[in-house]
Amino acid sequence: MSKTESILEAKLPQLKTALPGPNARRIIDGDARLISPSYTRSYPLVIRRGRGAMVEDVDGNLFLDFSAGIAVVATGHSHPEVVAAIREQAADFIHMSGTDFYYESMVTLAGKLEKIAPGDSPKRVFYTNSGAEAIEAAMKLARYATGRKNFIAFHGCFHGRTYGALSLTSSKTTQRDRFGPFLSGVFHAPYANPYRCSLGAAPADCARACLDYLENTILHGVTSPEEVAAIFVEPIQGEGGYLVPPAEFLHGLEKLCRRHGILLVADEVQSGMGRTGKWWASDHVGITPDIITSAKGIASGLPLGAMIARADLMDWKPGAHASTFGGNPVAIAAALATHRLLEGGLIENARRLGEHIFGKLADWPARHRLVGQVRGRGLMIALELVRNQETKEPAVAERDAVVEGAFNRGLLLLACGPNAVRLMPPLVIDQEQADCALRILDEVLTEVEKRG
Ligand SMILES: *Cc1c(COP(=O)(O)O)cnc(C)c1O
């Protein structure tokens, strides 16, 4: 069997060398000398190519990819329709800059984004190259449209690493240490996590307690509501641990925003574009944000982000905000192909496979002493690992061992939050691949549990 056939036909992992193999080792040595050490690689995977949910490394090892390049390759690696769309667009023109010129696909994609965005009001779209840039755009628009200065974000949130976005981000201190001072006027409030309510409330009262704190301690304590331009919230907290807040929390935020004329910004960079089994995590609870930010899965791996806002908010003047590359035509072509595939069955697949996986994971907290909680929606799934299910002491080293152990068995996972492991496969996986991933994870957990 030639190499091409092997990756095209493979559905399950197959390891041929010890990891990392000799070619991977050589490249990683070069990387260590030349590449910024600020990147956070968890294990030595050096990809050579990918198809669907499979990745082949430079030594011919095949991995089942439950990371999707950080929840990005929604339609799988190098989906033939996405590749064809990219090729076709690249042959016509690669760049012209939507800042100064027109091209049709910008309008076509915006029309599709308007249709899928929650709420009936007309929308307008600003294109970016990344999630962080979409957040920057939302921060600027929120100030511009409201004439207010302040922002609210949540403990544990991740909105990106450029200065505006980083001023909101609070998921890890390593992301902020030595980079301050940050943008002034950003205040952080507790995010409703009933499993570990940071306000000490009982699970059923956590959402209420967090909303009260926001209303009374932040909004009528450190800033007046009239000074707040926007509240930025991830409807499912991503890097923070795939936390799914009670619907009541998001409904409460929406009400509070309406009451005080504050804009509600839903950061759906990770949770959007079908990953949860609906277009947006917001759709699961029925909130209508004023602004939505999207990136990651939107173009199956080409760099594209979007800020989708209520049309009446986006009345800023020409030149007020723009980007040379944002909305690159090749990236938009990939996004249009991605949209077609998502609509054509992949969102439904994410819903169905998510249900299958959650069904299988339901008894893991009873079967595995390390598993404290299983949570998420669709194919945005996390297991929080604890040393003790009563005290919920975080099992950080054990979590790292699970991620590494899975890699050594051919399954690509990533960590999230202080002590969770996340499953975020491409939305093209089938049941056999889902079951294989769970079998490997089950084995690795059992092994790590045996160690002590
Ligand atoms: C990844 C992420 C971002 C930042 O996106 P980049 O493309 O890395 O700049 C912002 N918000 C959320 C929720 C994310 O998951």
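Worth saying up front: this structure is predicted, and the values here are computed from it rather than measured. (Residues numbered from 1 in each chain as written. Predicted model: local features only at pLDDT ≥ 70, side-chain atom pairs only at ≥ 80, totals over all residues. Heavy atoms only, no water.)

1. Topic: the pairing of strand S11 (residues 371-377)
Put simply, the test is: In this scheme, strands are said to pair when DSSP sees at least two bridges between them. Comment: elements are numbered from the N terminus, with helices defined as DSSP H or I runs of at least four residues and strands as E runs of at least two.
Here S11 pairs with strand S12 (residues 380-385) via 6 bridges, running antiparallel. In the strand pairing of S12, Arg-375 is matched with Ala-382. Taking the residues that link successive antiparallel strands as the turn, the S11-S12 hairpin has 2 residues, and the phi of Gly-378 there is positive, at about 60°.

2. A look at the packing of helix H4 (residues 80-92) against helix H11 (residues 329-361)
Rules: The axes are straight lines fitted to the C-alpha atoms, using for helices just the contacting stretch, and the angles between their N-to-C directions are given from 0 to 180°. Any angle from 65 to 115 degrees is called roughly perpendicular, while one under 35 is roughly parallel, one over 145 is roughly antiparallel, and all others are oblique. Each crossing gets its handedness from the near helix: less than a right angle anticlockwise from the far helix is left-handed, clockwise is right-handed. Should any heavy atoms of two residues lie within 4.5 Å, those residues are counted as being in contact. Under this grouping Gly is polar, as are all residues other than the nonpolar Ala, Val, Leu, Ile, Met, Phe, Trp, Tyr, Cys and Pro and the charged Asp, Glu, Lys and Arg.
Packing of H4 against H11 leaves a shortest axis separation of 8 Å and a crossing angle of 150°. Judged on the interaxial angle alone, H11 and H4 are roughly antiparallel. Helix-helix and strand crossings are classified by hand; for H4 and H11 the assignment is right-handed. Together, Glu-81, Val-82, Ala-85, Ile-86, Gln-89 and Ala-90 of H4 and Pro-329, Val-330, Ala-333, Ala-334, Ala-337, Thr-338, Arg-340 and Leu-341 of H11 make up the contact between the two elements. Broken down by class, the residue content of the contact of H4 with H11 amounts to 10 nonpolar, 2 polar and 2 charged.

3. Some thoughts on the site of the ligand
For clarity, the cut-off: Note on definitions. A residue lies near a molecule or strand when any single heavy atom of the residue is within 4 Å of it. Under the rule applied, a polar contact is a pair of N or O atoms within 3.5 Å (in protein, one hydrogen donor and one hydrogen acceptor; residues adjacent in sequence only if both atoms are side-chain atoms). Reported accessibility uses the Shrake-Rupley method at a 1.4 Å probe radius. Residues are deemed covered only where the shown protein chains occlude them.
Within the structure, the ligand sits among Ser-130, Gly-131, Ala-132, Phe-158, His-159, Gly-160, Glu-234, Asp-267, Val-269, Gln-270 and Lys-296. At a separation of 3.3 Å, a nitrogen atom of the ligand approaches a polar backbone atom of Phe-158. Protein burial of the ligand: of its 380 Å² of free accessible surface, 81% is covered by the chains.

4. Regarding the environment of Tyr-213
Along the polypeptide, Tyr-213 turns up in helix H8 (residues 206-222). Counting along the chain gives 24 residues from Tyr-213 to Ala-189, while the straight-line C-alpha distance between them is 7.6 Å. When residues no more than four places from it in sequence are discounted, the contact partners of Tyr-213 are Pro-190, Leu-199 and Ile-218.

5. Some words on the pattern of salt bridges
Threshold: Within this document, salt bridges are pairs made up of a side-chain nitrogen of Lys or Arg and a carboxyl oxygen of Asp or Glu, the two lying within 4 Å of each other.
On inspection of all chains with the given rule, the structure shows 25 salt bridges. Linking Glu-239 and Arg-422 is a salt bridge whose minimum nitrogen-to-oxygen distance equals 3.0 Å. Pair noted here: Glu-239 is in the loop between strand S7 (228-233) and helix H9 (247-260) and Arg-422 is in strand S15 (residues 420-423), with a separation of 183 residues, a long-range link. With a closest N to O distance of 2.8 Å, Arg-351 and Glu-348 form a salt bridge.

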